[in-house]
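Remarks on the overall topology
If you want the building blocks of each chain, they are given just below.
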Amino acid sequence: MNCLEFRRAKLADPGLDNADLEAHRLDCISCRQFEDELRNLDDGVREAFAVPVPENLEARVLLRQSFADQPGVGLRHKYWLAVAASMVVAVLGSLLVILPDSGSSIENQITSHVGFEERIAREIESYLPASEVQSVLDATGIKAPLELTEVVYAHKCVVANKPIAHLVMREDAGDFTVILMPFGVEEARPFSIDGWDGHIQATSFGGIAVLSERVQSTDRMQHLSDRVLASLRATGD
Amino acid sequence: MNPGPNDMPDANERFNHLVNAYSSWLYRYAYWLSGSQQVAEDLVQETFMRAWRFLDSLESDAAAKSWLTTILRRENARRFERKRLEYSDVEMETLPAEHEEFDARPEVLALRHALRGLPAKYREPLLLQVIEGYSLEEIANMFDLPRNTVATRLHRARQKLKHVLEGNDPGELNELS
Ligand SMILES: [Zn+2]
Ligand SMILES: [Zn+2]
């Protein structure tokens, strides 16, 4: 075996080994070096490959599966299956969190979280009873009585490693997403990120973000945010 | 009679296991196939939806990863049929996370850049071999190609990467073979 044959074999499969290869390796310093370089190259490929996996990817897959064909199961029932599935994964998920997203702003993290569930919510045809929405708030640790009647989807989710109440509300103009957070928000501000327009502000219990994917204005999002907060205050006093 | 996955009492449990065990691998593989984080997530979603529908056809859990990877590759191919694009036309986007805290050591960035520049037909078998330890035969089966063709692609893949990392223009490589 000569150097060319050795290198050709190793380039195709660095793990390959046999008596001929072994004999040449013992004889040839430069091919030993070449082999080391290939090993480093493959180590580098392994590192480069490991791009960050989105948080809660597993939960979103299971959530969608729970909405898939289940003959004889009605939509309301499916909703609870979905909740059950994602609750289970939320627990597992917290052990499997790949990347804490500490670098990016809260509105960035919210925007990258909400898309899938807003799409899921489109398949839901009825409003949730206020008591179900309230139970999500309770589970999230938000102490605010809430009388919202236009909620089609409510779920306790995790954003920035903290629990939040994730609601999708429906009005004639379409759906919009409301995130209630049991932790503080520094200052009220509008945002436009990746096709989502939204508004975020502080509240007595922490913070609220309202956002929508359709072409909207941040002003309108602020208006919706105030409206949701008004319904909190009206029942809270 | 058409026994679907829902007739098996443990279908959900089996599916949960697949999702937890393989979604990271599939997502990353899909990212390197598609060059887009959004498309990668869509591909993972479509792959698992299909896997759920055809869960009965997965005979042993030992074969699960190859089975899922094959589904994902088909879903990706379907995407190109729909858009009438050539696979090799894909531009890979830069990960936004690269500008933040995600592993941004210069040597890792350089390799990620070099991998992106590699033609897909070289990149794919390389990832299967390096990351998942697939043998030449397994890759040949998955791609429906002769073993020698796969060997040549792997050989070229490493040659090109080395060449780029050594600071050369990827275009002007004199083949060693
Ligand atoms: Zn030699
Ligand atoms: Zn959510």
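It should be noted that the structure appears before, not after, this text.
Residues numbered from 1 in each chain as written. Chains lettered and ligands numbered in written order. Predicted model: local features only at pLDDT ≥ 70, side-chain atom pairs only at ≥ 80, totals over all residues. Heavy atoms only, no water.

1. Things to note about the nonpolar core
Formed by 60 residues in total, the largest nonpolar core has its most connected members in Phe48(B), Leu115(B), Leu126(B) and Leu161(B). Top contributing element to this core by residue count: helix 1 (residues 11–34) of chain B, with 13 residues. Residues in contact with Leu161(B), not counting those within four places in the same chain, are Leu41(A), Val45(A), Leu111(B), Ala114(B), Leu115(B), Leu118(B) and Leu126(B). (Core = buried A, V, L, I, M, F, W, Y, C linked by side-chain atoms within 4.5 Å. Buried < 20%, exposed > 50% of the residue type's maximum accessible area, 1.4 Å probe, protein only. Helix = DSSP H or I, 4+ residues; strand = E, 2+ residues; numbered from the N terminus. Contact = heavy atoms within 4.5 Å.)

2. A look at unusual backbone geometry
One non-glycine residue, Asn56(A), lies in the positive phi region at around 65°. Secondary-structure assignment places Asn56(A) in the loop between helix 3 (29–49) and helix 4 (57–66).

3. Quick notes on the packing of helix 2 (residues 19–27) of chain A against helix 3 of chain A
All names here are of chain A. Between helix 2 and helix 3, the least distance of the axes is 5 Å, while the angle of their chain directions is 110°. Here helix 2 lies roughly perpendicular to helix 3, going by the angle between them. Counted together, His-24, Arg-25, Leu-26 and Asp-27 of helix 2 and Ile-29, Cys-31, Arg-32 and Glu-35 of helix 3 form the full contact between these two elements. Within the contact of helix 2 with helix 3, the residues separate by chemical class into three nonpolar, one polar and four charged. (Axes fitted to C-alpha atoms, helices over the stretch in contact; angles between N-to-C directions. Parallel < 35°, antiparallel > 145°, perpendicular 65-115°, else oblique. Nonpolar A, V, L, I, M, F, W, Y, C, P; charged D, E, K, R; others polar.)

4. A word on the environment of Ala114(B)
Residue and element names in this part refer to chain B. Note on placement: Ala-114 falls in helix 4 (residues 106–117). Sequence separation between Ala-114 and Leu-161 is 47 residues; the distance between their C-alpha atoms is 6.1 Å. Discounting chain neighbours no more than four positions away, the residues touching Ala-114 are Leu-161, Val-164 and Leu-165.

5. Describing the packing of aromatic side chains
All names here are of chain B. A complete count under the given rule lists five aromatic pairs over all chains for this structure. A ring pair is formed by Phe-15 and Trp-52, whose centres lie 5.2 Å apart and whose planes are at 65°; its orientation type is edge-to-face. In this pair, Phe-15 sits in helix 1 while Trp-52 sits in helix 2 (residues 37–53), placing the two residues 37 residues apart along the sequence. For the residue pair Phe-15 and Trp-52, the accessibility class agrees, reading buried in each case. On the basis of an interplanar angle of 25° and a centroid distance of 5.0 Å, the ring pair of Trp-25 and Tyr-29 is categorised as stacked. Highlighted residues: Trp-25 and Tyr-29, both in helix 1, separated by four residues, approximately one helical turn. Given the relative accessible area of 0%, Tyr-29 is considered buried. (Phe/Tyr/Trp six-rings, centres within 6.5 Å; stacked < 30°, edge-to-face > 60°.)

6. Thoughts on the coordination of the zinc ion (ligand 1)
Residues and elements named next belong to chain A. Protein-derived coordination of the zinc ion (ligand 1) comes from Cys-3 (SG), His-24 (NE2), Cys-28 (SG) and Cys-31 (SG), at a distance range of 2.1 to 2.3 Å. For the zinc ion (ligand 1), the four donor atoms in the first shell make angles of 100 to 116° at the metal, so the coordination geometry reads as tetrahedral. Positions of the donor residues of the zinc ion (ligand 1) along the chain correspond to the pattern C-x20-H-x3-C-x2-C. Of the two residues, His-24 and Cys-28, neither departs from the other in class, the shared state being buried. (Donors = N, O, S within 2.8 Å, 3.2 Å for Na, K, Ca; no water. Tetrahedral: all angles 85-135°; square planar, octahedral: opposite > 155°, others 65-115°.)

7. What about the pattern of salt bridges?
Residues and elements named next belong to chain A. All chains considered together, the criterion is met by 21 salt bridges over all chains. For Glu-35, the salt bridge identified is with Arg-25, shortest N-O distance 2.7 Å. Taken together, the residues span a long stretch of sequence, with Glu-35 in helix 3 and Arg-25 in helix 2 at a distance of 10 residues. Across this residue pair, the class does not change: Glu-35 and Arg-25 are buried. Arg-189 is paired through a salt bridge with Glu-107; the nearest N and O atoms lie 2.8 Å apart. Note that Arg-189 is positioned in strand 4 (residues 189–193) and Glu-107 in helix 6 (residues 106–122), a separation of 82 residues in sequence. The network of salt bridges with common partners includes Lys-10, Asp-17, Glu-22, Arg-25 and Glu-35. (Salt bridge = Lys/Arg side-chain N within 4 Å of Asp/Glu carboxyl O.)

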